[in-house]
Amino acid sequence: MKEGKHLINGSWVASQDNDTLDVVSPSDGLVFAKIARGKAGDVDLAVKAAQNALDNGAWRKCAAVDRGRLLSKLGTKILDNFDELADLEALDTGKPLKQAKADITAAGRYFEYYGGAADKVHGDTIPFMDGYMVSILREPHGVTGHIIPWNYPAQMYGRSLAPALAMGNAVVLKPAEDACMTSLRMSELAQEVGFPEGAINVVTGVGEEAGASLSAHPGINFLSFTGSPEVGTIVQCAAAKNHVGCVLELGGKSPQIIFDDADIAAALPVIVNAIVQNGGQTCSAGSRLMIQSTVYENYLDQIAEKFNELKVGSHSMDLDCGPLISAVQKNRVEGFLDRARSEGIAVVAQGSMGPGLPSGGFYVTPTLFAGVPRDNELACDEVFGPVLSALSFDDEQDAIKLANSTDYGLVTGVWTKDGARQMRMAKSVRAGQIYINGYGAGGGIELPFGGVKKSGHGREKGFEALYEFCATKTIVFKHD
Ligand code: NAD
């Protein structure tokens, strides 16, 4: 792989000032690679390369069907290089290898899905006054900027870039400094399958430098951001100054709501997985466990039993939970744990560390808290670690009130056999996705995904993402 380089205009180049960053494996805290530390000048070159691809390059002439073929080829190429990419993703993020494999499968599927969709987004005609014909075209925005996080880097690469490319935009990606190796490798594969120069540009670096430069660049016509609400606000302000739109996906505090008629045996593994998947570093993690008071103790005991079985290990040990992404994130999560304990919130279950963990890794024990007060930070704020907070509710109205009581609204799981209640809950809870008797943590590639309130706005995945990455143009023909 082209270590320490950006991809700009089809070439791998060092930063203008040759600056680099170390890449650390979360499993042992050791440096295993270097990436380029891009700044404003590097971002400027990448944006200009993307604009040039649209104005003069082969990308401008690439018909929808051919864009689709390129995307599909990249999807296949990703799967052809499956083991290499999964190993790299696991090493770079610390996630268990089985999770990394699932992520590479999803990354390939994004390109397959949007490859098939590229020539199926049609415009429209509108009946208008006599003597007129009106066409609605769907056009790419132009140059789109993509800032993605470290939790699912390979998936985010596909989720953000594939629909933008399918619609004919030229993209500039700023992956997260903590995990960007598969973004670089997949971009190399994109070159191999024939994406023309300038269609895909990647500038690595830190958020305050390369990320801020990208979101504020006047040559960007649309922005897609996934990450923290704080940075999302910065990105949206930058977009507003340039009068361009943006999609923001900013995380959540998603409830898993268990009524007393739930099939608890079916729910148990799903409930636990929804919080420990990817070490809880999932925007759509089911981090608030809401159990009806009539069955609270009974169901909590069963969940605690499962929680106590969880094992933490390095990416290659491939256990239930890997390390967190960085020392910063570990400290942040441990801060939540320490404050909760000091406030007397009960720990009812904990996983354990696997044998022989490498020293220097960023490991945190999965923890289940019970009786969490409704206004406590554990019940309201995104921890982004393997921490599940149990609360009780009385009845359906109380469940709706509690579910809607945080600033977030990304995903909700509801467990009940009562069909009418399923409908009422689905309609009453404010979230971008609702799962009935299940929990998808973001769900499949085909399913529109995104939030309300502090979870962000706009939709990714499914056909909705294609509509985000284009704008309509109304053409009015007057004829005799
Ligand atoms: P972050 O928002 O700081 O980083 C996400 C991306 O934004 C990275 O690529 C980063 O380089 C970039 N960035 C950072 N500062 C920027 C700036 N000023 N301008 C433009 N881009 C900038 O997220 P983080 O530090 O990686 O994680 C912090 C918290 O964010 C987590 O604890 C979690 O709560 C949340 N988070 C949410 C998601 C999600 O999927 N919704 C993903 C990662 C993190």
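You'll find the structure just up there.
What you see is a predicted model; the values in this text were computed from it and never measured. What you see as residue numbers is a count from 1 along each chain, following the sequence as written. Owing to the predicted nature of the model, reporting of local features is limited to residues with pLDDT of at least 70; listing and counting of side-chain atom pairs is limited to 80 or more, with chain, interface and lining totals taken over all residues. To obtain the side-chain values, all non-hydrogen atoms of the structure were included, while hydrogens and water were left out.

Chemist: Please provide a residue-by-residue account of the site of the ligand, values included.
Modeler: In this text, near means that some heavy atom of the residue lies within 4 Å of the molecule or strand in question. In the vicinity of the ligand there are 26 residues, among which Trp150, Lys174, Glu177, Ser228 and Glu382 approach most closely. For the ligand, an oxygen atom lies 3.4 Å from a polar atom in the side chain of Asn151. Values of accessible area rely on a 1.4 Å probe in the Shrake-Rupley scheme; residue burial ignores everything except the protein chains shown. Starting from 810 Å² of accessible surface for the ligand in isolation, the protein chains cover 89%. Definitions used throughout: a 1 Å grid over protein atoms alone; a cavity as a set of points that fits a 1.4 Å probe which cannot get out; a pocket as an open set with protein on both sides within 12 Å along at least five of seven lines; a lining residue as one with an atom within 4 Å of a point. More than half of a molecule's atoms lying within 2 Å of a cavity's or pocket's grid points is what places that molecule inside it. Here the ligand is seated within the largest pocket. Secondary structure follows DSSP: runs of H or I at least 4 residues long count as helices, runs of E at least 2 residues long count as strands, and numbering of each begins at the N terminus. Breaking the shell around the ligand down by element, the ones donating at least two residues are α8 (207-216), β10 (222-226) and α12 (327-342). The element best represented in the shell around the ligand is α8, accounting for four residues. Here the residues of the shell around the ligand sort into 12 nonpolar, nine polar and five charged. Polar contact is defined as a pair of N or O atoms within 3.5 Å, subject to the rule that within protein one atom must be able to donate a hydrogen and the other to accept it, and that residues adjacent in sequence are counted only when both atoms are side-chain atoms. Three categories are distinguished: nonpolar for Ala, Val, Leu, Ile, Met, Phe, Trp, Tyr, Cys and Pro, charged for Asp, Glu, Lys and Arg, and polar for the others, with Gly belonging to the last.

Chemist: Quick one: what's the story with the sheet that holds strand β5 (residues 124-126), residue by residue and with numbers?
Modeler: Strands pair, by our definition, only if DSSP identifies at least two bridges between them. The three strands are arranged β5-β6-β22 in an open sheet whose pairing can be described as antiparallel. Either end of the sheet is taken by a strand with one partner, and the two such strands are β5 and β22 (470-478). Within this sheet the neighbouring strands show an average axis-to-axis angle of 25 degrees, counted without direction. Bridge count for strand β6 (residues 132-140) against β22 is nine bridges, and the pairing is antiparallel. Within the sheet, the bridge partner assigned to Glu139 lies in β22 and is Ala471. Lines fitted to C-alpha atoms define the axes here, with helix axes fitted over just the stretch in contact, and angles between the N-to-C directions of these axes take values from 0 to 180 degrees.

Chemist: Which residues make up helix α3 (residues 64-80), and what values do they have?
Modeler: For α3, built from 17 residues, the straight-helix expectation of 24 Å at 1.5 Å per residue is met to within 8% by its first-to-last C-alpha distance of 24 Å. Turning to α3, its buried residues number three or more, namely Arg67, Gly68, Leu70, Leu71, Leu74, Gly75 and Ile78. Projected down its long axis, α3 shows its buried positions confined to an angular sector of 160 degrees, all on one face. Seen from the open side of α3, the exposed residues pointing more than 90 degrees away from its buried face are Arg69 and Asp80. In what follows, residue pairs with any heavy atoms lying within 4.5 Å of each other are defined as contacts. Tucked inside the fold, the buried residues of α3 contact α2 (58-61), α4 (82-93), α5 (97-117), α6 (153-166) and α7 (181-193). Expected span, for any helix, means 1.5 Å times one less than how many residues it has. Each residue is assigned to one of three classes by its accessible area relative to the maximum for its type, calculated with a 1.4 Å probe on protein chains only: buried under 20%, partly exposed between the two thresholds, exposed over 50%. Directions drawn from the helix axis to the C-beta atoms are what define this arc.

Chemist: Can you break down the packing of aromatic side chains residue by residue, with the values?
Modeler: Between rings of Phe, Tyr and Trp, where Trp is taken as its six-membered ring, a pair exists when centres lie within 6.5 Å; planes separated by under 30 degrees are stacked, by over 60 edge-to-face, and by other angles tilted. Within the structure shown, the criterion is met by 10 aromatic pairs. Centroid distance Tyr113 to Tyr114: 4.9 Å. Interplanar angle 90 degrees. Geometry classified as edge-to-face. Given the relative accessible area of 0%, Tyr114 is considered buried. With 6.4 Å between their ring centres and 65 degrees between their planes, Phe463 and Tyr467 make a pair best called edge-to-face. Remark: Tyr467 and Phe463 occur in helix α16 (residues 462-468); sequence separation between them is four residues, near one turn of the helix. The exposure class of Phe463 is partly exposed, given its relative accessible area of 29%. The structure contains a cluster of three or more aromatic residues connected by ring pairs, namely Tyr113, Tyr114, Phe463 and Tyr467. To sit over a ring, a charge needs its Lys NZ or Arg CZ within 6 Å of the ring centre and within 35 degrees of the ring normal. Here the basic side chain of Arg339 rests over the ring of Phe336, its NZ or CZ set 5.0 Å away from the ring centre.

Just distances and angles here, no functional claims.
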